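Structure at a glance
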Amino acid sequence: MSAPQHQSSIDLATRLKVNARSCTVAARRQLSPSLMEVVLRGDATSLAGVPGNDVMVLVNANDESSTRRRYSVRAVDDSADTFTLWIAIAHDGPGARWAKSASEGDTVDVVGPRGKIPLDESADWHLFIGDVASLGTFYRMAHAIDAPGRAIFIVELDDPSDALTATFDESLGVTAIFVDRNARAHDDSTGLMGGLAAFTLPPDEGHTYLFGEFHVMRELKVALMDRGIRSEQISLKAFYRIGQANGANGEPSKDI
Ligand SMILES: Cc1cc2nc3c(=O)[nH]c(=O)nc-3n(C[C@H](O)[C@H](O)[C@H](O)COP(=O)(O)OP(=O)(O)OC[C@H]3O[C@@H](n4cnc5c(N)ncnc54)[C@H](O)[C@@H]3O)c2cc1C
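Report follows, based on the coordinates.

Conventions used here
Residues numbered from 1 in each chain as written. Predicted model: local features only at pLDDT ≥ 70, side-chain atom pairs only at ≥ 80, totals over all residues. Helix = DSSP H or I, 4+ residues; strand = E, 2+ residues; numbered from the N terminus. Rg over C-alpha atoms; globule rule 2.2 N^0.38 Å. Buried ≥ 20, exposed ≤ 12 C-beta atoms within 10 Å, placed from the backbone. Contact = placed C-beta atoms within 7 Å. Near = placed C-beta within 6 Å. Nonpolar A, V, L, I, M, F, W, Y, C, P; charged D, E, K, R; others polar. Pairing = 2+ DSSP bridges. Axes fitted to C-alpha atoms, helices over the stretch in contact; angles between N-to-C directions. Parallel < 35°, antiparallel > 145°, perpendicular 65-115°, else oblique. Left-handed = near helix turned anticlockwise from the far one by under 90°.

**Section: the overall build of the protein chain**
- Looking only at helices and strands, the protein chain has six helices and 11 strands in total.
- Its C-alpha atoms give the protein chain a radius of gyration of 18 Å, near enough to 18 Å, the size a compact globule of 256 residues would have.
- Principal axes of the C-alpha set define a box for the protein chain whose edges measure 55 × 40 × 35 Å.
- The burial tally for the protein chain puts 41% of its 256 residues in the buried class.
- Long-range contacts, defined here as pairs at least 24 residues apart, represent 68% of the contacts in the protein chain between residues at least 6 apart.

Set out below in structure tokens:
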């Protein structure tokens, strides 16, 4: 028997034409200094959508109010009816606090699937650029690449031991460049720009996915276009914006 679903989540899901469900926390474990894994149970297949999708989770903003935070799905286990989230926890915010305190058996309102950036199946190669917050969705998307594809990851880490690896089919060509943040600010693009500059882009037609901090992702898009990548080959999603909490809809502010 599932816990009652918050009426506002049902209304939101109806408006978005997606699902609303009260999920149960099936497990939680710290993967690395900056990443927490939370496994949720309930309607996993329909909530988790396709690789690249995320879910909205209703968390406590403070003692009196709640807010929604969006987390990409790392993996789905249809037979166990569970899906996994990888959540960055090195900052302070309602989402990070929820991820650090969730206990097995807790219930949480989830709305999903959300997101408009699936894998570009026509691409010869897939370049994923981001930070620890995007590592989970990058791995899920890369698992969906048809053989004999190519995945390149350029990911900035808050701590060297955040370099979590994944196992892929041997027919997938994988290049992973982990960039140490070296205590630079999260809106400083130096590290990822350096990682990108050091990489020779393959000659055929690829697609780039930029998921991460608002300013850094914008600067990377300009750098990619300077190197001849067309804008239709780039999918950008700001996950957060440094110095500003995401809104109650889970989105970072887009104001300049
Ligand atoms: C479509 C989408 C998918 C996302 N998927 C994931 C995911 O799979 N995993 C994940 O960890 N995050 C993901 N995010 C980002 C996550 O929703 C935001 O980081 C969220 O704001 C965190 O909420 P919070 O309540 O912890 O912090 P907030 O209240 O939003 O922010 C508090 C402060 O912390 C800073 N901050 C927020 N997030 C980070 C961060 N990651 N690193 C450093 N500083 C930060 C903010 O700039 C602000 O100053 C996604 C966002 C979107 C829009």
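**Considerations on the site of the ligand**
- Taken together, 29 residues lie around the ligand, and Ser72, Gly93, Gly95, Ala245 and Asn246 are the ones closest in.
- Every element with two or more residues in the shell around the ligand is listed here: β4 (66-77), β5 (82-88), α3 (94-101), α4 (132-143) and β11 (234-240).
- With four residues, the single largest contributor to the shell around the ligand is β4.
- Residues belonging to the shell around the ligand are distributed by class as follows: 11 nonpolar, 12 polar and six charged.

**A look at the environment of Asn62**
- Summarising the element assignment, Asn62 is placed in the loop between β3 (54-60) and β4.
- It is 7.7 Å that separates the C-alpha atoms of Asn62 and Pro94, two residues lying 32 residues apart in sequence.

**A look at the sheet that holds β11**
- As summarised here, the arrangement of the five strands in space is β9-β8-β7-β10-β11, forming an open sheet in which the pairing is parallel. At either margin of the open sheet sits one strand with a lone partner, and together these are β9 (173-180) and β11. Direction aside, neighbouring strands of the sheet carry axes that sit 10° apart on average.
- Note: strand β7 (residues 125-131) against strand β8 (residues 150-157), six bridges, orientation parallel. From the neighbouring strand, Leu127 faces β8, where its bridge partner is Ile152.
- Running at roughly 160° to β7, α4 makes contact with β7, β8, β10 (206-213) and β11 of the sheet.

**Focus on the packing of helix α5 (residues 190-197) against helix α6 (residues 214-226)**
- One way to put it is that α5 packs onto α6 with a least axis distance of 10 Å and a crossing angle of 25°. When the axes of α5 and α6 are compared, the pair comes out roughly parallel. Considering the relative orientation of α5 and α6, their crossing is right-handed. Only Val216, Glu219, Leu220 and Ala223 of α6 make contact with α5, whose side of the interface consists of Leu192, Met193 and Leu196.
- Taken together, the residues of the contact of α5 with α6 sort by class into six nonpolar, no polar and one charged.

**Brief notes about the sheet that holds strand β6 (residues 107-114)**
- Reading around the barrel, the six strands line up as β1-β2-β5-β4-β3-β6 and close back on themselves, with antiparallel pairing between neighbours. Geometrically, the sheet is characterised by an average inter-axis angle of 45° between neighbouring strands, direction not taken into account.
- Looking at chain direction, β3 and β4 are connected through seven bridges and run antiparallel. Opposite Val57, over in β4, you have Arg69 as the bridge partner.
- The sheet contacts of helix α1 (residues 7-16) involve β1 (19-32), β3 and β6, and relative to β1 the element is tilted by about 100°.
- Against the sheet, α4 engages β2 (35-41), β4 and β5, with an angle of about 40° to β4.

**Quick notes on the pairing of β2**
- Burial analysis of β2 places five of its seven residues in the buried class, the great majority of the element.
- Sheet topology places β1 next to β2; seven bridges connect them, and they run antiparallel. Paired with Val25 across the strands is Leu40, a residue of β2.
- In this structure, the hairpin formed by β1 and β2 is closed by a connection of two residues.
- In the sheet, β2 pairs with β5 via seven bridges, with the strands oriented antiparallel. For Arg41, the partnering residue across the bridge sits in β5 and is Thr82.

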